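# Structure assessment
Each chain, written out:
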Amino acid sequence: MHIVVCIKQVPDSAQIRVHPVTNTIMRQGVPTIINPYDLFALEEALRLRDKMGGKVTVMTMGPPMADESLRKALGFGADAAVLLTDRFFAGSDTLATSFALATAIDKLHKEDPISVVFTGKQTIDGDTAQVGPGIAQRLGLNQLTYVSGIREVDVQAKTIVVERRAEGGTQVLKTALPCLITMLEGTNTMRRGSMDDMFRAARAAIATWSAKDAGVEDMTKCGLRGSPTVVKKVFAPQPRKDKAKLVETAGKTPADVAQATIDTLFAANTKLEGDLLKLSAAS
Amino acid sequence: AKKELPDHFKDYKNVWVFIEMERGKVHTVSWELLGEGRKLADKLGVELAAVVMGPPGADLDRAISDSWAYGADLAYVIADPLLTDYRNQPFTKGLNDLVNTHKPEILLLGASTLGRDLAGSLATTLKTGLTADCTELAIDSDNSLAATRPTFGGTLLCTIYTLNFRPQMATVRPRVMAMPERVEGRSGRVIPFPLTMVEENIVTKILDFLPDLTSNKVNLAYADIVVAGGMGLGGPANFKLVTDLAQVLGGDFGGSRPTIQKGWIPAERQIGQTGKTIRPKLYIAAGISGAIQHRVGVEGADMILAINTDPNATIFEFAHYGIVGDALQILPALTKAFQERLTQVRKAS
Ligand SMILES: Cc1cc2nc3c(=O)[nH]c(=O)nc-3n(C[C@H](O)[C@H](O)[C@H](O)COP(=O)(O)OP(=O)(O)OC[C@H]3O[C@@H](n4cnc5c(N)ncnc54)[C@H](O)[C@@H]3O)c2cc1C
Ligand SMILES: Cc1cc2nc3c(=O)[nH]c(=O)nc-3n(C[C@H](O)[C@H](O)[C@H](O)COP(=O)(O)OP(=O)(O)OC[C@H]3O[C@@H](n4cnc5c(N)ncnc54)[C@H](O)[C@@H]3O)c2cc1C
């Protein structure tokens, strides 16, 4: 069976900095990683392939240097990789991103029919969780989000049974292949790539597709022009004007500090005492 | 670069809120959104509509009447047994057809598992913009929706517009917006709408539903009092000081992300950008430095009390009250003092 996994190269978000004067994001020198959520999708895809046979193709849309992430995925054991890179893709929001990815997936599908497309639950930069559902709708794939486990796949009958995280419980869902799965985090552990895979990855040829190569006919659906959302400004959160009022601690015992704190809180909010009486009585 | 709104979008009007109902219960985020939607509709001088989808019956009727109480002027209702449990296909179809027929200018959904699943597919069928996980919604001077959301793991905020498309869609996480006041005796117009689908059209079947064990159910997001601990507690055993105080106050407890990653407390107790957003009356943070990812989850608290040994800890920049001291000594002292005070007051009354 042919499985496609979409992965995104993202900045290691802990290290993002804002320019203190211009308030713009400083990306220079920020290390990039495969979106951590996508590793759960990749591992699940590799397990499915190991069990059922077939191949896993990883795909990313991004700048030319995003091929690093693809190579890493090949090192974990993926079989083939496609990089979508083109200045027409620049500035894509989720609608334009899902358009580009879906168009390219459709092209792969025509060459080698796809049974499952995997994406992560969300990214750590854009963090919208919208691209998976977008691809599913565009390709008419059955959409399974927040999947926590795959119970069974029947290639003959073209069906799949999964467990899906829902509000207040787990849904057990059966649907027809092909489908799109967004994988929940924490549901598996990424394998260590074998030496063989590492060597293969280092030498592997990565298919690099422009918008035209991917089969895009209408360029106005790509990038900034194909994006209905417009980011007007990016800014750092305002610091609050007043800092915390500190309770006097010098030369006081913890018990004194506690009494003083309670007096302060009750004085600041006269309803708090009554609220606490009610809540503590109920618990 | 702003273009004139295309003609075919000019008759898109009103603010809609999708009322999320699962197994007969409406998710509280829907009422929070009606509260926010009311403000947007008033600012625009238009009506606020609730979109209620579910199987016909008492639960659906209650969702409609509750929508009046929380501020809706009208309700579009798709009542169909096919909508008993959530599945993407019939909900996308129903809502897509409803939008194309009745044309809202703004459509808000909760950023819950259901809301994100539905919003992502609906924005694609409608080919419109969708801003995710907004923390602030406003109407700007030319009447467009300005949707502000955290990004890059919460380190930055950005404001996003959907200028030339309608509806303008946004999702909002539970507890980010305040719960509106319930007003009894309000009423509105019901506009029924059909779901033109039969079960045979729906590919995905629900084989089973396994409810979460009640013992695991954590309602941290809705607790009125929350006490939380961070790495400053030094180890899992000291979390007892946190839970003791939470218990005396009749509240719930949580922690910063590293305390979860270290396995000190369960994952559903994480507070912050990638955990729960809370809006308690009182939040007590002990041994938490106050990283931005933590801050965005607690900013809705009425009152924040921070306990930290470091007078320069970031948390003192947004907490209302602070104690510079050792949490291992202050927490038990607070527990004892609160207990005595509450006992005293109870006796006196
Ligand atoms: C500050 C900021 C805020 C933004 N807010 C919004 C917004 O509110 N609405 C909006 O429409 N756009 C928004 N965007 C744009 C959005 O981030 C991009 O469209 C991005 O390409 C995809 O969205 P995402 O990162 O949210 O992915 P998600 O939808 O969270 O990603 C889900 C999964 O889709 C796959 N995937 C996503 N992107 C790619 C890719 N490029 N290549 C391969 N697989 C991929 C991955 O498997 C991923 O796990 C924002 C961008 C920025 C910088
Ligand atoms: C993408 C992303 C998402 C994230 N999401 C979240 C999230 O949802 N929630 C979250 O909390 N974090 C999140 N984080 C992590 C966040 O950046 C911080 O690392 C984290 O909040 C720090 O936890 P902490 O305050 O417990 O630990 P530390 O930063 O180590 O702080 C410990 C504090 O305890 C104080 N201390 C030490 N000893 C004592 C004592 N005896 N008494 C009192 N105080 C003492 C210290 O002065 C210090 O201020 C996220 C990070 C990223 C990159």
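Let us look at the structure shown here. (Residues numbered from 1 in each chain as written. Chains lettered and ligands numbered in written order. Predicted model: local features only at pLDDT ≥ 70, side-chain atom pairs only at ≥ 80, totals over all residues. Heavy atoms only, no water.)

## Comments concerning the site of ligand 1
As a structural note, the neighbourhood of ligand 1 is formed by 32 residues, with A:Cys6, A:Lys8, A:Asp38, A:Thr94 and A:Thr128 the closest of them. Near ligand 1, the surrounding residues belong to chains A and B. A:Thr94 places a side-chain nitrogen or oxygen 2.7 Å from an oxygen atom of ligand 1. Taking A:Val131, its main chain carries an N or O atom lying 2.8 Å from an oxygen atom of ligand 1. Contact with the protein chains removes 93% of the 920 Å² of surface that ligand 1 exposes when unbound. At the level of secondary structure, the elements contributing two or more residues to the shell around ligand 1 comprise β6 (55-61), α3 (94-111) and β8 (114-120) of chain A together with β7 (130-134), β9 (145-151) and β10 (156-162) of chain B. (Near = heavy atom within 4 Å. Polar contact = N/O pair within 3.5 Å; in protein donor to acceptor, adjacent residues only side chain to side chain. Areas by Shrake-Rupley, 256 points an atom, 1.4 Å probe, with all protein chains shown as cover. Helix = DSSP H or I, 4+ residues; strand = E, 2+ residues; numbered from the N terminus.)

## Some words on the pattern of salt bridges
Residue and element names in this part refer to chain B. One pass over the full model with this rule turns up 34 salt bridges over all chains. In this structure, Lys103 engages Asp11 in a salt bridge whose closest nitrogen and oxygen atoms are separated by 3.4 Å. Of this pair, Lys103 sits in the loop between α3 (88-102) and β6 (106-110) while Asp11 sits in the segment before β1 (15-19), placing them 92 residues apart in sequence. Given the relative accessible area of 47%, Asp11 is considered partly exposed. (Salt bridge = Lys/Arg side-chain N within 4 Å of Asp/Glu carboxyl O. Buried < 20%, exposed > 50% of the residue type's maximum accessible area, 1.4 Å probe, protein only.)

## Details of the site of ligand 2
Close to ligand 2 lie 26 residues; B:Ser256, B:Gln270, B:Thr274, B:Ser289 and B:Asn308 are nearest. More than one chain approaches ligand 2, the contributing ones being chains A and B. B:Ile271 is positioned with one of its backbone polar atoms (N or O) 2.8 Å from a nitrogen atom of ligand 2. With respect to ligand 2, the backbone of B:Gln273 contributes an N or O atom lying 3.1 Å from an oxygen atom. For ligand 2, whose accessible area on its own is 990 Å², the fraction buried by protein is 78%. Residue assignment for the shell around ligand 2 shows that the elements contributing at least two residues are α6 (257-261), α7 (292-298) and β17 (304-308) of chain B. Among the residues forming the shell around ligand 2, the class breakdown is seven nonpolar, 16 polar and three charged. (Nonpolar A, V, L, I, M, F, W, Y, C, P; charged D, E, K, R; others polar.)

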